[in-house]
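# Summary of the model geometry
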Amino acid sequence: MTGSALPSDTRVRQRLTALAQGLRHFHSALLDFARGEYEFLHGPVGGPFALYSLVMNDPAFQWLRPLSGLMATLDEVLDQKDTTLTDRNVQDVRQALGLLFADTDTRFTDFRAGYTRARTEARVRETEARWRETLSSLEA
């Protein structure tokens, strides 16, 4: 290998790792929004353990689950150090995100409704712009 060229797997892994980090920030912004909606209706959440319980069990947070699941799957792929990552992995992530945000896929209607409410928040828009920029920089 010459110069600073990285193996394809390393480049893909680094870019998918950056995407995973961007999605975590986006998810955090969406979670803060959902918490705000919940607190407006039900009063303050009692701390991180109470919030965790709500996220896992309360229907008010259910709309976040498809994104949470996608992120968990991406993390599992990245955690497999002995697996070579390829452009196919990038295509899979692109496709999954596309389905999540596509109006034509009825499985994620609740997610899109929550996202539509949340995108009025500046932090949601900013974190979304960052992960989308990272995604667009990935080689197809």
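As a reminder, the structure under discussion sits directly above these lines.
Right, let's walk through the structure included here.

Cut-offs and rules
- Starting afresh in each chain, residues are numbered from 1 along the sequence in its written order.
- With the structure being a predicted model, the display of local features is reserved for residues of pLDDT at least 70 and the display and counting of side-chain atom pairs for 80 or more, all residues being used for whole-chain, interface and lining totals.
- Side-chain measures were taken over the full set of non-hydrogen atoms in the model, leaving aside hydrogen atoms and water.
- Only DSSP runs of H or I covering at least 4 residues are called helices, and only runs of E covering at least 2 are called strands; the numbering of each starts at the N terminus.
- What a helix is expected to span follows from its residue count: subtract one and scale by 1.5 Å.
- A 1.4 Å probe rolled over the protein chains alone gives each residue an accessible area, and that area as a share of the maximum for its type sets the label: buried under 20%, exposed over 50%, partly exposed in between.
- Starting at the helix axis, one direction is taken to each C-beta atom, and the arc is that of these directions.
- We call two residues in contact whenever any of their non-hydrogen atoms come within 4.5 Å of each other.
- The definition of a nonpolar core used throughout is a set of buried Ala, Val, Leu, Ile, Met, Phe, Trp, Tyr and Cys residues joined through side-chain atoms within 4.5 Å.
- With axes taken as lines fitted to C-alpha atoms, and helix axes fitted only over the stretch in contact, angles between N-to-C directions fall between 0 and 180 degrees.
- The labels follow the angle: roughly parallel below 35 degrees, roughly antiparallel above 145, roughly perpendicular from 65 to 115, and oblique for the rest.
- Here the term charged refers only to Asp, Glu, Lys and Arg, the term nonpolar to Ala, Val, Leu, Ile, Met, Phe, Trp, Tyr, Cys and Pro, and the term polar to all other amino acids, Gly among them.
- Within this document, salt bridges are pairs made up of a side-chain nitrogen of Lys or Arg and a carboxyl oxygen of Asp or Glu, the two lying within 4 Å of each other.

Turning our attention to helix 3 (residues 65–79). Along its 15 residues, helix 3 runs 21 Å from first to last C-alpha, staying within 8% of the 21 Å computed at 1.5 Å per residue. Turning to helix 3, its buried residues number three or more, namely Leu-67, Leu-70, Met-71, Leu-74 and Leu-78. Angularly, the buried residues of helix 3 cover 95° about the axis, an arc narrow enough to put them on a single face. When the buried face of helix 3 is taken as reference, the exposed residues oriented beyond 90 degrees from it are Glu-76 and Asp-79. Considering only its buried residues, helix 3 is in contact with helix 1 (8–42), helix 4 (87–101) and helix 5 (109–118).

Core analysis: the biggest nonpolar cluster contains 38 residues, and Leu-16, Leu-19, Leu-23, Leu-30, Phe-61, Leu-97 and Phe-111 have the highest contact counts within it. Those elements that provide at least two residues to this core are helix 1, helix 2 (48–57), helix 3, helix 4, helix 5 and helix 6 (122–137). A total of twelve residues in this core trace back to one element, the largest contributor, which is helix 1. Ignoring anything within four residues of it in the chain, the contact list for Leu-30 reads Trp-63, Leu-64, Leu-67, Phe-111, Ala-118 and Val-124.

A separate point is the packing of helix 1 against helix 5. The geometry of helix 1 relative to helix 5 is characterised by a closest axis approach of 10 Å and an angle of 85° between their N-to-C directions. When the axis of helix 1 is compared with that of helix 5, the two are roughly perpendicular. Residues Phe-26, Leu-30, Phe-33 and Glu-37 of helix 1 touch helix 5, and the partners they reach there are Phe-111, Gly-114, Tyr-115, Arg-117 and Ala-118. Split by residue class, the contact of helix 1 with helix 5 holds six nonpolar, one polar and two charged.

Pairing between side chains becomes possible if they bear opposite charge and their charged atoms approach one another. Applying the stated criterion to the full structure yields nine salt bridges. Asp-9 is the partner of Arg-13 in a salt bridge, and the nearest nitrogen-oxygen pair spans 4.0 Å. Highlighted residues: Arg-13 and Asp-9, both in helix 1, separated by four residues, approximately one helical turn. Taking relative accessible area as the criterion, Arg-13 reaches 13% and is therefore assigned buried.

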